[in-house]
Amino acid sequence: MSKITIDPVTRIEGHLRVEVEQEDGRVTRASCGGTMARGLELIFGGRDPRDIPILAQRICGVCPQAHATAAAMAMDDAFGLADRIPPNGVLLRDIMLGANFLQSHILHFYHLAALDYVDVTAARGYQGSDPDLQSVAGFIDRGALAPFVPRYEGDYRLSREQNIAGVKHYVRALGVRRNCHEMLALFGGKMPHQCTVSVGGVTTQVTRDNIAAALSYVREVAAFIRECYLPDILMLAGAYADGLERGRGCSRFLCYGVFSEEGLFPAGLLEPGADEPAAIDADLITEDVKNSYYADDSNGLHPAVGRTEPQEDKPGAYSWLKAPRYDGKPCEVGPMARMLVGYKAGSAEIRQAVDGLCESAGIEVAALNSTLGRHAARALEAELIARKMQDWILALQPGEPCVLKVEVPDEGAGAGLTDAPRGSLGHWVTIEDGKVANYQAVVPTTWNGSPRDAQDVPGPIEQAIEGESIRDVDNPLEVVRTIRSFDPCLACSVHVARRKGDWNTVLPV
Amino acid sequence: MASGEVNIVWLQAGGCTGCSVSFLNAIHPSAPDLLIEQFLPGTHLSLSYHPTLMAGQGEGALQVFDQLPDGDFVLALEGSIPRKEHFCTIGEVNGREITVTEKFLDLADRASLMLGVGTCAAFGGIPAGCPNPGGYRAAGVVMEENGIETPLVHVPGCPPHPDWINTTILEYLSTGGDVALDPLGRPEIIYGQLIHENCQRRPYFDEGKFAEKPGDPECLHKVGCKGPITYADCPLREWNDGLNWCVKAGGPCQGCTQPEFIEEATPIYQELAEDRLPKIGEQAKVGGTDE
């Protein structure tokens with residue numbers, strides 16, 4: 001038996017360490033740990049509740065929009081405004097979140113994940129007329145190959161032509177993901193970290209020129225997804241077919257539901273083997289800390305009453321992430337969970353998308369539950385969102401209100417449950433004396449990247465790696481491919497809760 | 001380091017990766033121009049280390065640090081540095097955990113230039129907000145405490161505009177290191193004027209026409225705009241292909257390029273006190289406003 005430590009796991013958001021024990025090339029145990037903490041929820045404590053949708057974006061610079069949305073929903077709830085948001089405000093939140101989904105999915109596939117499959121050096125000696133590829137060939141000739149080398153060597157299976165197509169799309173996708181941010185900034189002022197999503201709606205104005213501009217952007221992005229992203233997924237499925245059999249996680253899928261269009265991405269919990277998803281009861285969410293750097297007496301609490309005492313030298317702990325559990329069990333969240341929950345719930349749009357892809361790839365729906373299946377689900381979801389966003393943009397009403405005038409209540413409590421690009425996202429707030437008294441966020445990678453829980457059941461990523469076969473222990477590509485298929489986002493997932501009044505004693509600065 | 005391969009080492013400490021994502025939003029020069037093409041004829045930025053973009057991983061990624069030419073690379077720090085070192089580790093070498101604090105001190109000492117990218121690195125920013133659980137501090141504070149005298153330039157913003165990062169590198173390369181800085185260590189060419197001086201809504205301020213709520217078209221002063229205490233060229237440059245910026249969209253300026261961000265720049269929607277309104281043309285002061 002030997003141990004492989006991958007620290008840092010790069011090309012993800014944030015700081016992740018993965019340790020695997022292997023015997024004869026098979027993983028016998030995996031441990032997945034977050035290695036950075038800021039304590040943002042503590043920092044949110046005591047503040048004006050209206051500030052949080054803006055500040056919560058700083059949880060993550062890759063998916064800030066999801067945090068702004070969840071925080072605004074939690075505040076709408078706590079302020080008693082949830083059913084009064086102007087239609088323009090609801091649509092703008094959906095459009096802006098959708099734009100961020102597209103940005104995040106395209107960035108993840110091309111710039112974070114693809115380098116585990118595509119060999120950039122294949123563009124060496126390119127003689128053709130494509131300017132981007134000429135540029136890459138010139139870059140290779142100059143000899144300084146960062147940031148593409150060093151890398152794990154070995155198992156790159158695409159043909160030279162396929163690799164060259166992959167490199168071209170890597171470069172093109174840099175512009176496409178940037179365009180997604182520009183589309184969002186039409187309504188948000190800037191990205192990352194827009195300034196308009198707030199309690200009560202969105203603090204901007206809808207104009208005809210912005211509608212036309214957003215529509216133009218989203219059509220271009222949709223075309224890229226159809227012409228490049230989906231075909232590239234099929235290309236990988238052909239060359240790396242074992243990726244459709246590897247990387248099965250806990251096979252219990254959770255989705256809170258996202259976007260206001262009824263039935264598009266329905267909420268639900270899909271148990272292994274179940275024919276249809278069950279309704280979600282948010283009271284069944286708890287967080288364990290047995291293997292996390294937090295004192296044991298806060299184990300097993302619901303996030304709304306979460307109490308956390310960081311204990312950075314706790315014996316046996318290996319992660320700054322807690323272990324969220326639904327009804328005591330781990331759940332996988334993310335595009336694949338959304339697709340499978342939606343499929344089983346009968347979402348017509350999702351059924352059509354999934355069936356179409358499975359037919360093209362010659363696979364069963366169950367094969368989505370795999371390393372490459374997660375990428376496929378992400379691409380399908382991007383295509384669907386880019387299509388639906390065109391309807392949402394056209395439904396905006398120029399000149400109509402986008403936000404309510406709000407007043408901060410003395411007391412209140414609220415929850416904002418939605419889905420981020422990486423999976424289910426919940427924010428919980430309690431307001432006392434007009435200030436934030438308690439704030440909690442349970443984010444996608446806390447679910448997927450969780451350490452073992454109080455019963456020592458591994459988290460979804462840990463389960464997905466355990467049992468994995470590795471060809472070359474010095475270049476464990478199989479392990480990192482599976483980790484990345486979850487699109488981990490670590491800055492999001494490390495969080496510290498606070499109960500009113502106890503931060504100075506618990507956390508000396 | 002005037003030409004050839006300019007090594008950039010991008011370290012992430014207590015931050016959110018937003019600065020990195022903003023860096024990728026660059027247009028002219030674009031991200032491919034920066035990563036692959038030549039930035040200026042004969043000059044290419046070689047992104048030797050960047051945790052979000054680099055192909056390398058595990059110990060192999062960290063070995064890049066050992067191969068850097070001393071005194072001939074730019075260190076870009078994103079995020080702030082925790083006093084409680086275990087709050088941020090960046091990898092493991094020979095079974096030993098490497099804290100970001102330790103690696104930052106090593107690299108800052110060896111670099112030819114230290115760029116504090118974003119307000120967290122420049123001034124402490126979000127993680128240093130009250131009660132600052134990890135004891136996060138600005139790069140410059142940590143460098144001074146450890147006697148590191150490497151030239152330090154701040155490129156604050158939450159996140160900084162991609163042009164601000166690129167312009168700073170370009171100015172540094174073109175001037176042989178003689179970049180004109182304001183008293184807070186920011187390039188004057190970017191941070192020389194107040195938002196308030198160049199704001200498109202300034203005529204409303206002068207005429208006393210104020211928005212009742214954020215999102216209204218008038219001056220956002222009464223709903224908390226921090227433009228009067230914030231130095232940056234947002235109204236002139238605008239964001240995301242020059243499309244928009246915070247105040248133009250209807251959200252008050254949050255003061256995100258300032259050391260006041262976030263403690264003295266919040267509540268976001270609360271009107272600035274009269275005595276914090278500026279004398280136009282005055283330079284930024286060390287420590288921010290008079291308070």
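Computed from a predicted structure; not experimentally measured. (Residues numbered from 1 in each chain as written. Chains lettered and ligands numbered in written order. Predicted model: local features only at pLDDT ≥ 70, side-chain atom pairs only at ≥ 80, totals over all residues.)

All right, on to the overall build of chain B then. Tallying secondary structure elements over chain B gives twelve helices and nine strands in all. In terms of overall dimensions, chain B is globule-like: its C-alpha atoms have a radius of gyration of 19 Å, near the 19 Å expected for 291 residues. Each of the three principal axes of chain B carries a C-alpha extent, and together these read 65 × 45 × 30 Å. Among the 291 residues that make up chain B, the fraction classed as buried is 58%. (Helix = DSSP H or I, 4+ residues; strand = E, 2+ residues; numbered from the N terminus. Rg over C-alpha atoms; globule rule 2.2 N^0.38 Å. Buried ≥ 20, exposed ≤ 12 C-beta atoms within 10 Å, placed from the backbone.)

Moving on, we come to the sheet that holds strand S1 (residues 2–6) of chain A. All names here are of chain A. Strand order in the open sheet made by the three strands is S1-S2-S3, with antiparallel pairing throughout. What marks the edges here is a single partner per strand, and that holds for S1 and strand S3 (26–34). With strand direction ignored, the average angle separating the axes of adjacent strands in the sheet is 15°. Relative to strand S2 (residues 16–23), S1 runs antiparallel, the two sharing five bridges. Following the sheet pairing, Ile 6 is matched in S2 by Val 18. (Pairing = 2+ DSSP bridges. Axes fitted to C-alpha atoms, helices over the stretch in contact; angles between N-to-C directions.)

Here we take up the sheet that holds strand S12 (residues 435–442) of chain A. Residues and elements named next belong to chain A. Strand order in the open sheet formed by three strands is S10-S11-S12, with antiparallel pairing between adjacent strands. What marks the edges here is a single partner per strand, and that holds for strand S10 (412–420) and S12. On average, adjacent strands in this sheet sit at an angle of 15° to one another, irrespective of strand direction. Along the sheet, helix H3 (residues 64–79) makes contact with S10 and strand S11 (423–432), crossing S10 at roughly 150°. (Contact = placed C-beta atoms within 7 Å.)

Each full turn of the α-helix corresponds to 3.6 residues, which orients residues three or four apart in the same direction. When the terminal C-alpha atoms of helix H7 (residues 208–239) of chain A are compared, their 46 Å separation across 32 residues agrees well with the 46 Å that a helix rising 1.5 Å per residue should span. Along H7(A), the sharpest kink reaches roughly 40°, centred on Ile225(A). (Expected span 1.5 Å × (residues − 1). Bend = angle between axes of the 7 residues up to and from the residue.)

This part is about the packing of helix H9 (residues 348–361) of chain A against helix H10 (residues 371–395) of chain A. Residue and element names in this part refer to chain A. Look at H9 against H10: their axes get within 10 Å of each other, and the N-to-C directions meet at 130°. Classified by the interaxial angle, the pair formed by H9 and H10 is oblique. In this structure, the crossing between H9 and H10 has a hand that is right-handed. Touching Glu 349, Ala 353, Val 354 and Leu 357 of H9 are Ala 376, Leu 380, Glu 383 and Leu 384, all from H10. Its residues assigned to classes, the contact of H9 with H10 shows six nonpolar, no polar and two charged. (Parallel < 35°, antiparallel > 145°, perpendicular 65-115°, else oblique. Left-handed = near helix turned anticlockwise from the far one by under 90°. Nonpolar A, V, L, I, M, F, W, Y, C, P; charged D, E, K, R; others polar.)

Where the parts come together, the accessible area they lose is often given as the size of the interface. Residue and element names in this part refer to chain B. Split by domain assignment, chain B resolves into domain 1 (4–189) and domain 2 (195–276). Placing the centre of domain 1 and that of domain 2 at their C-alpha centroids yields a distance of 28 Å. At the interface, 15 residues of domain 1 touch twelve residues of domain 2. Per-class residue counts for the side of domain 1 that touches domain 2 are seven nonpolar, six polar and two charged. (Domains from an automatic or database assignment.)

Attention shifts here to the nonpolar core. Ranked by size, the top nonpolar core spans 249 residues in total, and within it Ile95(A), Tyr229(A), Val74(B), Leu75(B), Leu77(B) and Leu115(B) carry the most contacts. Ranked by residues supplied to this core, first place goes to helix H4 (residues 87–113) of chain A with 14 residues. Not counting the four nearest positions on each side in its chain, Leu115(B) is found in contact with Val74(B), Leu75(B), Ala76(B), Leu77(B), Val153(B), Val155(B) and Thr168(B). (Core = buried A, V, L, I, M, F, W, Y, C linked by C-beta atoms within 7 Å.)

It is worth spelling out the interface of chain B and chain A at this point. Facing the 71 residues of chain B at the interface are 77 residues of chain A. Elements with a minimum of two residues in the side of chain B that touches chain A: helix H1 (18–24), helix H2 (31–35), strand S2 (43–49), helix H3 (58–62), strand S5 (89–93) and helix H12 (246–249) of chain B. Examining the composition of the side of chain B that touches chain A, we find that five residues originate from one element, H1(B), more than from any other. Per-class residue counts for the side of chain B that touches chain A are 35 nonpolar, 28 polar and eight charged.

So, on to the pairing of strand S1 (residues 4–12) of chain B. All names here are of chain B. Counting buried residues along S1, seven of its nine residues qualify, which places the element largely inside the surrounding structure. Both S1 and S2 contribute to a ladder of six bridges, which runs parallel. Residue Asn 7 lies in a different strand from S2, and its bridge partner there is Ser 46.

In this section: the packing of helix H6 (residues 160–188) of chain A against H7(A). When two helices pack together, their arrangement is given by the angle between the helix axes and the distance between those axes. All names here are of chain A. Packing of H6 against H7 brings their axes to within 10 Å, and their N-to-C directions diverge by 155°. Comparing the axis directions of H6 and H7 gives the class roughly antiparallel. Crossing of H6 against H7: the hand is left-handed. Packed against H6, whose contacting residues are Gln 162, Gly 166, His 169, Arg 172, Val 176, Asn 179, Cys 180, Glu 182, Met 183, Leu 186 and Phe 187, the element H7 presents Asn 210, Ala 213, Ala 214, Tyr 217, Val 218, Glu 220, Val 221, Phe 224, Cys 228, Asp 232 and Met 235 at the interface. Across the contact of H6 with H7, the residue classes tally to 13 nonpolar, five polar and four charged.

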